[in-house]
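A structural walkthrough
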Amino acid sequence: MLTSIQAHIDVCNSAQQACGAWAPGDVVIGILLPCHHKVKSLHDRIRPEGFLCSDFDLESFMMSLAAIHEIEEINGANFLPGVRLGYLMCDTCSYASKALQSVGHMLAVNGSLRVKCDYTNFRPRVKIILGALYSEVSIAVARLLNIYMLPLLSSTSSSPELSNKLRYPSFMRNIPSDEHQTKAVAKIMHHYGWNWVGVVYGDDDYGRAAFQSFLSDAVANNVCLAYQEVMPHLDNSLSMQNIKQVVEQIRSSNAQVVLLILKAELVQVLFKEMIRTNTSRTWIASDAWSNSRSLAQMEGINQVGDILGFTFVSGKSESFDKYLKNLTANPGGYNHFIEEYKNLRFNCSSECFSDKPPSYCPSPNLLKVKADNACNITDPQEQNDDYLLKVLDTSKALPNRVAVWAVAHALQNLLKCSSLSCLGEINFPPWKLLEELKKVNFRHDDQNYSFDENGDFVSGYDLIVWKRDGHHRTFQRIGKYHVISADVQVDVKNFTWLSTANTTTPQSRCSERCTPGLVKKILNVSCCYNCIPCMEGTYSDAWDLHECKKCPNGTWSLRGWDRCKPRQESYLRWNDAHPISMMAAAAFGILLLLVIFTIFLVYKDSSPMKRAEVRLSCVMMTGLAVSFTSVICFMGKPSVHLCRARQLMYAMGFTLCVSCILVKAYRTFLAFLPFGQMTNRQLHRLYKPPVIVIIVTTLQGVICLLWLIFDSPDVDNTPPSPQSMKKIIQCHEGATYIGFGIMLSYIALLALVGFLLAFKSRKVPQEFSETGYIIFSMLMYLFVWVCFVPVYITNHEGGTPVQASAILVSSYGIIFCHFLPKCYEALFGSKFDTLDMILGRWRVISSPSPHSETETDIGIPGMNTPSQINSRFSISSASTILGSSGSLSGVLPADAELVIVPVSKEKTHACPPFTRLGTKVTMRRSISF
């Protein structure tokens, strides 16, 4: 029979009978820990009967043994000379009312607890209580102990509420507050990028306080709650319905990380539902179950997903492990819980393995504790083995052992102990020990320990991960949380996650992270947002920023950039391909003009050069050279001087060139204009080439001067486009562009006039004029600049190279149309191209007139002699033709008849009268080439 399995105390005549373990001593330490998980039949409890506890708790049992073992170690080491420490251990059964009942037994003096108004001199036998396991129980006990100012030192109760010294002045703990644990949890969530999490907490003081502390820490670390659920106690059938609702909430949410602030038994029920529904998540464990061996060994634990948690600082003790292998009560003492454990482990109780076990049998989980050879053992209390070392993590008991040493150091100071004896009063009031305990500062196992102003240790936490070990889990330490610096230190980073099957961290986010260059646009909660790019002039250089940063002065950014850069200055640089090609074209044009000038000088006496008028051609070459030089001023970084120089050089140079072309066109036009009209005579008198060139060019100079005075070209200070990283450094041709337009229009007008004059004289033989060249070159110029205007207006940024290219094209057009043909004629022209041959060719293309005379009627003496072939010629137009009778036969059109006569060196303008019969008398005027 298992009569000893039930922890039912029927008679409470003494504290030893009410509690389960005790040992005598000069100073008695109370131990208030649950060796059982729960109290049975609470719903049926009506009368104030004793509590019946069930479900033996191996882990809490191990913690109580750690405290007992450490008390025996201190006694054995004679740490308090002449003073022996005793203990009185009571089982709380994880129930606050049961714990308060046990405290009443501990504080009873002579079997009773008298009510007083002043407890200053209250001297119970128990001077301090170690416990309780859960914060809910500790809060209830601490409120009671505030009356007596008897210290309550816990190694596991971590609720932040207990740090309030106004409400719990006698409570202390040798672990950090959950205020630090929730900070650590929020920090690790932030570290792994989990900002969308669910929280499930217990419906007790521990769960509610920890949850409220986590809320503020979550906000500080940009963590949002997808849901929050409360897990009820397992005390009725409605609890399972509520638990299933919590499970359904977890399964339906897209949050992949869940924080569980629960007791281990509630987590076990929850995980069973997760396994049943095949639901996997990443779980964050609170200290209440983060290193629970029972959960790590439960069936199907690998199906629930990854588990991380923070545990209190732990450490192994060889002497304690040896003690667990040889469990026995202290000499002179008693330990009912050791007896109960040995009965579970070594008593046969075969009837409990039947299909219908008796009611006194333990739960199926506890039956797993049973040894295989239990039915072969005659006396279970004499048996021992290493089972507790195999199924429990004994390093978790370090805080319990340290708590005993903290009490011992406080007693050492209070009792004024030396290496030989303790002189202080042994039966002291408990509040004196409380005062000494607050001031204690000691070193144990190479670690320093002390309490802060809230009565808490600041030792920090270990970060662990539940690692797969076959069908179960083991705990692997991967980091640490430092309380003082509030920083998570992750030492093992490349471990395998179960959810991803590799080292890739699982994700739990409401929205994807915003990369640098993007910022958050919050939707309904701070963790749910859209990522939008930063606008021009702003940037974001980190992940998940809320606002874009403004670019510093002198820098800029485009839409969606993660940094600002200085804008690149854009102008025609000397080392770029396009400027090099244009400079090469300008240089080649100048070189070509030098070659042409040389040819003109060498062949100045040839007929083509005489017809081209060498002096006017040289002036044209000078103007073109200035135009080519102006192209060089378009290169390099613009300045106000370059902006003015390049336009002035082009305007004056090209105007000079076009004015010479205009003179040539005007000369050809006048040569074939009817001479008899008064207006035509006046036009003849206006033909003064030097004066025309000077006046036309000077007028352009006046235009440029007025332009420079009233609307001068300058460097363009227009701000760059926000969508461009180029800072266009270029010239603008004045605020209104009026001067620039007048300058170009003036040159275009000159070109147009020259074109019209040449077009009027288009029927003149090319051998005697340049009308074809003038027409083509002026058409080319007009075409180029007509195309330039819309391109320049619509493409403001490319205006500089466009104008430079237009100057080059129009300048080369004049070279190719005016100078290269003359050079070709001078170098490769036929030397036998006599005047008769020219006239013969022209006669073929000329139209006969009924009133015109044929050229056979014209006598040209001496024209066949070689000496007269190279004589200067004049082109004359017959104005009035007289018959033999001297009557006026009519006025012919200006192009009806051409008479070509030799001109003497004296520049005679009238031919000698012809002596041949039938020769007409013709009045002539000539314009010398």
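This structure is a prediction, so every number in the text was calculated from the model and none was measured.

1. Comments concerning the overall build of the protein chain
Along the protein chain, the regular secondary structure elements total 26 helices and 36 strands. Each of the 929 residues in the protein chain was classed as buried or not, and the buried ones make up 51%. Considering only contacts in the protein chain between residues 6 or more positions apart, those separated by 24 or more positions represent 71%. As displayed, the protein chain offers around 43,400 Å² of accessible surface, 56% of which is attributable to carbon and sulfur atoms.

2. Regarding the environment of Lys 116
Inspection of the secondary structure assignment puts Lys 116 in the loop between α3 (96-107) and β7 (126-131). Note: C-alpha distance between Lys 116 and Ile 147 (31 residues apart in sequence) is 9.9 Å.

3. Observations concerning the side chain of Ser 617
The residue Ser 617 is located in helix α18 (residues 614-632) in this model. By relative accessible area, which is 1% here, Ser 617 ends up buried. Ser 617 has contacts with Phe 600, Ala 612, Lys 664 and Phe 819, leaving out every residue within four places of it along the chain.

4. A few points about the pattern of salt bridges
Taken as a whole and judged by the stated rule, the model has 25 salt bridges. A salt bridge links Lys 38 to Asp 55, with the nearest nitrogen and oxygen atoms 3.7 Å apart. Residue Lys 38 is located in strand β4 (residues 36-39), and its partner Asp 55 is located in strand β5 (residues 52-56); the two are separated by 17 residues in the primary sequence. Accessibility expressed as a relative area gives 41% for Lys 38, which makes it partly exposed.

5. Some remarks on the pairing of strand β19 (residues 472-482)
If a strand is regular, its side chains alternate between the two faces of the sheet. By the bridge criterion, nine bridges tie strand β18 (residues 461-469) to β19 in an arrangement that is antiparallel. Looking at β19, one finds that Arg 468 is bridged to Arg 473. Counting the residues between successive antiparallel strands, the hairpin from β18 to β19 contains two residues, one of them, Gly 470, with a positive phi of roughly 70°. Examined bridge by bridge, β19 and strand β20 (residues 487-490) share four bridges and lie antiparallel to one another. Bridge pairing in β20 places Lys 480 opposite Gln 489.

6. Quick look at the state of the cysteines
Put plainly, a disulfide is one covalent bond tying together the sulfur atoms of two cysteines. Under the criterion given, the structure shown has eleven disulfides. Between the sulfur atoms of Cys 53 and its disulfide mate Cys 93 the distance is 1.7 Å. A torsion of 95° about the S-S bond marks the disulfide between Cys 53 and Cys 93 as right-handed. Taken together, the residues Cys 53 in strand β5 and Cys 93 in the loop between β6 (85-91) and α3 connect sequence positions 40 residues apart. The residues Cys 53 and Cys 93 share a single accessibility class, namely buried. With a sulfur-sulfur separation of 1.8 Å, Cys 510 is cross-linked through a disulfide to Cys 528. Since a negative S-S torsion denotes a left-handed disulfide, the Cys 510-Cys 528 link at about 105° is right-handed. Of this pair, Cys 510 sits in the loop between β20 and β21 (518-522) while Cys 528 is found in the loop between β21 and β22 (529-533), placing the two residues 18 residues apart along the sequence.

7. Here we look at the packing of aromatic side chains
Here the distance between the centres and the angle between the planes together describe a pair of aromatic rings. Per the stated rule, a full pass over the model turns up 39 aromatic pairs. On the numbers, 5.5 Å between centres and 20° between planes, the contact of Tyr 449 with Phe 457 is stacked. Each member of the pair, Tyr 449 as well as Phe 457, carries the same accessibility label: buried. Between the aromatic rings of Trp 466 and Phe 475, the centroid separation amounts to 5.2 Å while the plane-to-plane angle is 65°, which identifies the pairing as edge-to-face.

8. Notes on the nonpolar core
Among the nonpolar cores identified, the biggest contains 93 residues, and Phe 61, Ile 129, Leu 327, Tyr 341 and Leu 411 are the most heavily contacted of them. For this core, the element with the most residues is helix α14 (residues 398-414), which contributes eleven residues. Among residues more than four places away in sequence, those in contact with Leu 411 are Val 27, Leu 80, Leu 85, Lys 416, Cys 417, Phe 428 and Leu 433.

9. Some points on the sheet that holds β20
Two orientations exist for strands paired in a sheet by backbone hydrogen bonds: parallel and antiparallel. The eight strands are arranged β11-β10-β12-β13-β14-β18-β19-β20 in an open sheet whose pairing can be described as mixed. Each of the sheet's edge strands pairs with one partner strand only, and the pair in question is β11 (224-231) and β20. Shown here is a sheet whose adjacent strand axes are inclined to one another by a mean of 25°, direction ignored. With five bridges connecting them, strand β10 (residues 196-202) and strand β12 (residues 257-261) associate as parallel partners. Looking across to β12, one finds that Val 197 is bridged to Val 257. Lying on the sheet, helix α5 (residues 178-192) is in contact with β10, β12, β13 (282-285), β14 (307-312), β18, β19 and β20; it crosses β20 at an angle near 55°.

10. Considering unusual backbone geometry
With an omega of -5°, the peptide bond between Gly 131 and Ala 132 qualifies as cis. Within the fold, Ala 132 resides in the loop between β7 and α4 (135-145). One non-glycine residue, Ser 41, lies in positive phi territory at about 55°. Within the element layout of this structure, Ser 41 appears in the loop between β4 and β5. Of note, the phi angle at Asp 55 is positive, near 65°, even though the residue is not glycine.

11. Section: the confidence of the model for the protein chain
Per-chain confidence: the protein chain averages 83 in pLDDT, with 85% of residues scoring 70 or above. Averaged pLDDT values over the elements of the protein chain bottom out at 28 in strand β32 (residues 880-882) and peak at 97 in strand β8 (residues 152-154). With pLDDT under 50 throughout, residues 1-11 is counted as low confidence; its partners more than four residues away or in other chains account for 29 contacts. Between residues 845-929, whose pLDDT stays under 50, and residues either more than four places distant or in other chains, the model counts 124 contacts.

12. Quick look at the environment of Val 614
In this fold, Val 614 is placed in helix α18. Put simply, Val 614 and Lys 604 are ten residues apart on the chain and 6.7 Å apart in space, counted from C-alpha to C-alpha.

13. Side note on the side chain of Ser 54
Inspection of the secondary structure puts Ser 54 in strand β5. According to the relative accessible area criterion, Ser 54 is buried, its value standing at 11%. Leave out the neighbours within four places in its chain, and Ser 54 touches His 36, His 37, Lys 38 and Lys 40.

14. Describing helix α2 (residues 58-76)
An α-helix turns once per 3.6 residues; consequently, residues spaced three or four apart project the same way. Helix length check: α2, at 19 residues, gives a terminal C-alpha distance of 26 Å against a target of 27 Å (1.5 Å per residue), a fit within 8%. In terms of burial, α2 is a largely internal element, 16 of the 19 residues being buried. Of the residues flanking the start of α2, the one acting as N-cap is Asp 57, its side-chain oxygen 3.2 Å from the backbone nitrogen of Glu 59. Just beyond α2, the residue with positive phi is Asn 78, at close to 55°.

15. Focus on the sheet that holds β6
What the seven strands build is an open sheet, ordered β9-β8-β7-β3-β6-β2-β15; its pairing is mixed. Each edge of the open sheet is held by one strand with a lone partner, namely β9 (171-173) and β15 (334-335). Where strand β2 (residues 21-23) meets β15, two bridges bridge the pair, whose relative direction is antiparallel. Note that in β15 the partner of Trp 22 across the bridge is Tyr 334. Where α14 meets the sheet, its contacts fall on β3 (27-33), β6, β7 and β8, and the angle it forms with β7 comes to roughly 155°.

16. Concerning the packing of α5 against helix α6 (residues 205-220)
Where α5 meets α6, the closest approach of the two axes is 8 Å, and the angle between their N-to-C directions is 45°. In this view, α5 runs oblique relative to α6, as classed from their interaxial angle. The crossing of α5 and α6 is right-handed. Counting all contacts with α5, which are made through Asp 178, Glu 179, Gln 181, Thr 182, Lys 183, Val 185, Ala 186 and Met 189, the residues of α6 involved are Tyr 206, Ala 210, Ser 213, Phe 214, Asp 217 and Ala 218. Residue composition of the contact of α5 with α6, grouped by class: seven nonpolar, three polar and four charged.

17. Structural notes on the pairing of β14
The buried fraction of β14 is high, at six of six residues. By the alternation rule, side chains of β14 split into Ile 307, Gly 309 and Thr 311 and Leu 308, Phe 310 and Phe 312, which are all buried. As paired strands, β13 and β14 are joined by three bridges and run parallel to one another. What sits directly across from Ile 284, in β14, is Leu 308.

Reading the values: rules and limits
- Once a new chain begins, its residue numbering starts again from 1 and follows that chain's sequence as written.
- Side-chain atom pairs in this predicted model are given and counted only at pLDDT of 80 or more, local residue features only at pLDDT of at least 70, and totals for whole chains, interfaces and linings cover all residues.
- The basis for every side-chain value is the complete set of heavy atoms in the structure, and neither hydrogens nor water enter the calculation.
- Under the scheme used here, helices are H or I runs from DSSP no shorter than 4 residues and strands are E runs no shorter than 2 residues, and both carry numbers assigned from the N terminus.
- A 1.4 Å probe rolled over the protein chains alone gives each residue an accessible area, and that area as a share of the maximum for its type sets the label: buried under 20%, exposed over 50%, partly exposed in between.
- Whether two residues are in contact is decided by their heavy atoms, any of which lying within 4.5 Å being enough.
- Here the accessible surface of atoms and residues is derived via Shrake-Rupley with a 1.4 Å probe, and residues count as covered only by protein chains that are part of the display.
- Salt bridge, as used here: a side-chain nitrogen of Lys or Arg that lies within 4 Å of a carboxyl oxygen of Asp or Glu.
- At least two bridges found by DSSP between two strands are what make those strands a pair.
- Cysteine sulfur atoms that come within 2.5 Å of each other are treated as a disulfide pair.
- Note on aromatic contacts: the rings of Phe and Tyr and the six-membered ring of Trp form a pair at centre separations within 6.5 Å, being stacked when their planes are under 30 degrees apart, edge-to-face when over 60 apart, and tilted otherwise.
- In these notes, a set of buried Ala, Val, Leu, Ile, Met, Phe, Trp, Tyr and Cys residues joined through side-chain atoms within 4.5 Å is what counts as a nonpolar core.
- Helix axes are fitted only over the stretch in contact, all axes being lines through C-alpha atoms; the angle between N-to-C directions runs from 0 to 180 degrees.
- pLDDT expresses how confident the predictor is about each individual residue, on a scale running from 0 to 100.
- Here a helix's expected span is defined as the number of its residues, less one, multiplied by 1.5 Å.
- Any pair of nitrogen or oxygen atoms within 3.5 Å is treated as a polar contact; in protein, a donor-acceptor pairing is required on top of that, and neighbouring residues in sequence qualify only through side-chain atoms on both sides.
- To sort the angles, those under 35 degrees are grouped as roughly parallel, those over 145 as roughly antiparallel, those from 65 to 115 as roughly perpendicular, and the leftovers as oblique.
- Handedness of a crossing follows from how the near helix is turned relative to the far one, being left-handed for an anticlockwise turn of less than a right angle and right-handed for a clockwise one.
- Under the scheme applied here, ten amino acids are nonpolar (Ala, Val, Leu, Ile, Met, Phe, Trp, Tyr, Cys and Pro), four are charged (Asp, Glu, Lys and Arg), and all others, including Gly, are polar.

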